[in-house]
Amino acid sequence: MIGGWIWGCFPPALFLVVTGATNGISKAYAHELAGRGLNIVLISRDLSKLEHEAKAIERLHGKSTRVIQVDFTGGLEIYEAIAAGLKDLEIGVLINSVGKQYAPGLRKLLDCEDFAKSWKPPFYFPSL
């Protein structure tokens, strides 16, 4: 069950929100859940890819789609655009799988001298 609904039996106006929605597992979730009856809100940074996926979902699955273009590498200002795009929608599921790189450059874990001592999380929770 998801939020009190039996899997595959969603109310007709319910929306799925997917971040990072134009490729990879996010794109697969969007198509799979549209096929199971959810309307879709796609959130990503590339408007042309968003529009392409929205049209594909509407054509293949007959579900309503909306797109919200934001770049998650931006600051807190992106949430105003997201809130405006989601206004008045009944959101049933969130797939939050947008990717963001916090450290500059990529390194292999075993190439780091002392990963356990040098790694710092991208955010800090003082109460933990």
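Figured I'd write up the structure that's included with this text. Treat the numbers as computed from the prediction; the structure is a model and nothing was measured.

Moving on, we come to the pattern of salt bridges. Evaluated as defined, the whole model comprises two salt bridges. One salt bridge in this structure joins Glu-53 and Lys-27, with 3.4 Å as the shortest N-O distance. Taken together, the residues Glu-53 in helix α2 (residues 47–61) and Lys-27 in helix α1 (residues 24–35) connect sequence positions 26 residues apart. The exposure class assigned to Glu-53 is buried, which follows from its relative accessible area of 5%. Exposure remark for Lys-27: the relative accessible area of 30% places this residue in the partly exposed category. In this structure, Glu-32 and Arg-36 form a salt bridge, with 2.7 Å as the shortest nitrogen-oxygen distance. What makes Glu-32 partly exposed here is its relative accessible area of 42%. Note on Arg-36: relative accessible area 32%, which makes it partly exposed.

Here is what the cut-offs are and how they apply
Going along each chain's sequence as written, the residues are numbered from 1 onward. Only residues with pLDDT of at least 70 are given local features in this predicted model, and only at 80 or more are side-chain atom pairs given and counted; all residues enter the totals for whole chains, interfaces and linings. Values shown for side chains rest on all heavy atoms present in the structure; no hydrogens or waters enter the calculation. We define a salt bridge as a contact between a side-chain nitrogen of Lys or Arg and a carboxyl oxygen of Asp or Glu at a distance within 4 Å. Counting from the N terminus, the helices are DSSP H or I runs at least four residues long and the strands are E runs at least two residues long. To sort residues, take the accessible area from a 1.4 Å probe on protein chains only and compare it with the maximum for the residue type: under 20% means buried, over 50% means exposed, and anything in between is partly exposed.

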